[in-house]
Amino acid sequence: MRDADRPSGSPDQTADGSSLPALRFGDVDPTDSEALTRWLRARVRGFHEAEIETDADLERFASSRDRTLRAVFDDSEEHSEIPVGTLSAWETAVRLPGALGSASRPVAARAISAVSVAPTHRRRGIARSLITRELRDARDQGLYLAVLTATESAIYGRFGFGPATRGADYALDTRRARWMAGAPAGRVRLVPREELRSVAPEIDAEAHAQVAGEILRWPNFYDRMLGLTPDRRGAAASLRAVRYDDESGRPRGYALYRVGASATDPREKDASVIELVAATPDAYAALWRFLADLDLVARVQVRLRDVDEPIAWMVEDPAAVTKSNERELLWARVLDVPEALTARGWAAADALTLHVHDPLGIAEGSFRLSTDAEGRAEVARLDRPGGEAADAGLRLGIAELGALLLGGARAETLARARRVLFDHREAPARLDRMIGGERPPRLSSVF
Ligand SMILES: CC(=O)SCCNC(=O)CCNC(=O)[C@H](O)C(C)(C)COP(=O)(O)OP(=O)(O)OC[C@H]1O[C@@H](n2cnc3c(N)ncnc32)[C@H](O)[C@@H]1OP(=O)(O)O
């Protein structure tokens, strides 16, 4: 490779271990458009997506310019300027549960995405090396949590990620929708999509504070969601936006939807909801009623909602609502146990010992978790594991702790699955009471 062809950025070191010879790990400068394009070509190749050919294709990945782009290069390749491995990372805020009854708390976390390896280089440990480095780097930067959404759920448990939120899809049969309560007093207005751009982040912030699990959405997220970016303009032509204003005229919710031919019956139409965000129960009810009342529409379909979405309780006939495709979405990886446990709010005062195993050795240890009636926790590292564990102690992996942290999994269930082991039978239930669980955590977007 000629020097001029060398990828920009600064490959930092040779790969670790003899299993990865001739590979260089380095960061790509996202402000160098040629280097960024090469990185993106590797990324789309890894995900089997269409090649990057036009500026509009590049625009699809505009958020990459604000991220740390990791790359692995193979100098023995003919086109060695194109990475054989990619990973992107950025600092985000994830919402952890607040103390009982209070708002969820945004805490800093490393978000990881775009993990891909060239089809020619799979199963040689490249992804393992990229992910392990990223987790250690995040911990060294003082972050105590890493998060991702996965394409395949079998991959990330081995790196200490636990499934932390679950979501489900719903369909409402509009012909069977008879409402249990009267219509809210506010107003639903059809608005140009551009108009939602300024209010959507505010409504999101209010709605997301009511649940754990959401991550901070980035500016380009809104532009793309609303169809305002060049690559989305065509598809956005059929996108409609509505906003709900409460009685005082304050925007409290919005929905984005499109009406199209039904997948199940060509004579009918479905409303597919791209986004429905409600900061109040009135906003939620009004937006659903608006969607269900749309002429020509036989079904309203929504994706990635709560696992116990209220819509089924709003209609007389619960069978008018079909739930499907329940699945995990956010994966959480604890990098520092005391910091992560003290960052969330707790629901009951108690004390337990946790013996945490970490296959990567990043956050391993034994800890005494004490919570008080105000929802605060103190966590002490135990120097002599075992010595203080005469009381109820629990043994669990770091992935199980990640699943429990946001309240999306129950220690009792994990104990029955033998993924949480206990000295005293009541210990898992005590941990569950401390964790609480007013509303299951939820993430509404893939990243
Ligand atoms: C957060 C995100 O970005 S999610 C997106 C993930 N990327 C994709 O789905 C794109 C298509 N797939 C790929 O590019 C690659 O196959 C990757 C990134 C999933 C894996 O890359 P590889 O370099 O082959 O993985 P690597 O060799 O490091 O394997 C790491 C471990 O994961 C396991 N693994 C890798 N892929 C899979 C899979 N698809 N299903 C189950 N296990 C897997 C390996 O067996 C290995 O296990 P071990 O270390 O315990 O023995």
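About the criteria used
- Residues numbered from 1 in each chain as written.
- Predicted model: local features only at pLDDT ≥ 70, side-chain atom pairs only at ≥ 80, totals over all residues.
- Near = placed C-beta within 6 Å.
- Helix = DSSP H or I, 4+ residues; strand = E, 2+ residues; numbered from the N terminus.
- Nonpolar A, V, L, I, M, F, W, Y, C, P; charged D, E, K, R; others polar.
- UniProt positions renumbered as here; feature names shortened; annotations may be inferred.
- Buried ≥ 20, exposed ≤ 12 C-beta atoms within 10 Å, placed from the backbone.
- Contact = placed C-beta atoms within 7 Å.
- Pairing = 2+ DSSP bridges.
- Expected span 1.5 Å × (residues − 1).
- Arc of directions from axis to C-beta.
- Axes fitted to C-alpha atoms, helices over the stretch in contact; angles between N-to-C directions.
- Core = buried A, V, L, I, M, F, W, Y, C linked by C-beta atoms within 7 Å.

Participant: Help me understand the site of the ligand, please; the structure alone is not making it clear to me.
Facilitator: Around the ligand there are 22 residues in total, and Val115, Arg122, Ala127, Arg128 and Thr151 lie nearest to it. Where the shell around the ligand is concerned, the elements lending two or more residues are β5 (105-117) and α3 (126-140). Among the elements that take part in the shell around the ligand, β5 stands out by supplying six residues, more than any other. Along the lines of polarity and charge, the residues of the shell around the ligand split into eleven nonpolar, five polar and six charged.

Participant: Before we go on, may I ask you to explain the UniProt feature "active site" (unreviewed entry) in the protein chain in this structure?
Facilitator: Within this numbering scheme, the UniProt entry marks Tyr156 and Phe447 as carrying the feature "active site" (unreviewed entry). Within the secondary structure layout, tyrosine 156 lies in the loop between β6 (145-149) and β7 (162-163). We classify tyrosine 156 as buried; it has 22 C-beta atoms within 10 Å. Contacts of tyrosine 156, omitting those with residues within four sequence positions, involve Leu148, Ala150, Phe161 and Trp331. Summarising the element assignment, phenylalanine 447 is placed in the segment after α12 (427-435). What phenylalanine 447 contacts, discounting residues up to four positions off in sequence, is Ala111, Ser113, Thr149 and Ile215.

Participant: Is there a simple way to think about the pairing of strand β4 (residues 85-96) in this case?
Facilitator: If a strand is regular, its side chains alternate between the two faces of the sheet. Bridge count between strand β3 (residues 68-74) and β4: five bridges; the pairing is antiparallel. Residue threonine 68 lies in a different strand from β4, and its bridge partner there is alanine 89. As judged from the eleven bridges shared by β4 and β5, these two strands associate in the antiparallel manner. Paired with arginine 95 across the bridge in β5 is proline 106.

Participant: Which parts of the structure should I look at to understand helix α7 (residues 281-292)?
Facilitator: Owing to its 3.6 residues per turn, the α-helix brings residues three or four apart onto one side. Spanning twelve residues, α7 covers 16 Å between terminal C-alpha atoms, matching the ideal 16 Å at 1.5 Å per step. Turning to α7, its buried residues are Ala283, Tyr284, Ala285, Ala286, Leu287, Trp288, Leu291 and Ala292.

Participant: I would appreciate a short explanation of α12 in the present structure.
Facilitator: Residues of α12 that are buried include every one of Ala427, Pro428, Leu431, Asp432, Met434 and Ile435, and no others. Looking straight down α12, one finds its buried side chains confined to an arc of 160 degrees; they lie on one side. Packing partners of the buried residues in α12 comprise β16 (350-357), β17 (365-371), β19 (393-397), α10 (398-405), α11 (411-416) and β20 (420-422). Glycine 436 sits one or two residues past α12 and shows a positive phi near 75 degrees.

Participant: Just checking my understanding: could you explain the sheet that holds strand β18 (residues 377-381) for this structure?
Facilitator: The strands making up a sheet associate through backbone hydrogen bonding, with each pair oriented either parallel or antiparallel. A sheet is described by the order of its strands in space; here five strands give the open sequence β18-β17-β16-β19-β20, paired in mixed fashion. One side of each edge strand has no neighbouring strand; the edge strands of this open sheet are β18 and β20. Within the sheet, the average angular offset between the axes of one strand and its neighbour, ignoring direction, is 25 degrees. Running over the sheet, α10 touches β16, β19 and β20 and is turned about 105 degrees from β19. The sheet contacts of α12 involve β16, β17, β19 and β20, and relative to β16 the element is tilted by about 110 degrees.

Participant: What is the right way to look at the nonpolar core in this model?
Facilitator: Burial of nonpolar side chains together is a common tendency in soluble globular proteins. One finds Leu145, Val147, Ala332, Val334, Leu335 and Leu405 to be the most contacted residues of the largest nonpolar core, which totals 80 residues. The contact partners of valine 334, leaving out residues within four places of it in the chain, are Tyr144, Leu145, Ala340, Ala363, Ile398, Leu401, Gly402 and Leu405.

Participant: Sorry if this is basic, but what is going on with the environment of proline 251 here?
Facilitator: Its location among the elements puts proline 251 in strand β11 (residues 251-261). Linking proline 251 and alanine 278, residues 27 residues apart in sequence, is a C-alpha distance of 9.6 Å. Ignoring anything within four residues of it in the chain, the contact list for proline 251 reads Val199, Ile203, Arg243 and Asp245.

Participant: It is not clear to me how the sheet that holds strand β14 (residues 321-328) should be interpreted in this structure. Could you clarify?
Facilitator: Within the open sheet, the seven strands sit side by side as β9-β10-β11-β12-β13-β8-β14. Their pairing is mixed. Every interior strand has two partners, whereas the edge strands, β9 (187-190) and β14, have only one. Averaged over all pairs of adjacent strands, the angle between their axes in this sheet comes to 25 degrees, without regard to strand direction. Judged from the five bridges that link them, strand β12 (residues 269-278) and strand β13 (residues 297-305) form a sheet pairing that is parallel. Bridge pairing in β13 links alanine 271 to valine 300. Across the face of the sheet, helix α4 (residues 193-208) comes into contact with β10 (240-245), β11 and β12 while running at roughly 120 degrees to β11. α7 contacts β8 (166-173), β9, β10, β11, β12 and β13 of the sheet and is inclined by roughly 20 degrees relative to β11.

Participant: What should I look at first to understand the UniProt feature "binding site: acetyl-CoA" (unreviewed entry) in the protein chain in this one?
Facilitator: What UniProt calls "binding site: acetyl-CoA" (unreviewed entry) maps, in this numbering, to Val115, Ser116, Val117, Arg123, Arg124, Gly125, Ile126, Ala127, Arg128, Thr151 and Glu152. You can see serine 116 is positioned in strand β5. Serine 116 has contacts with Ala42, Arg43, Gly46, Phe47 and Thr86, leaving out every residue within four places of it along the chain. The residue alanine 127 is located in helix α3 in this model. The class for alanine 127 is buried, based on 21 C-beta atoms found within 10 Å.

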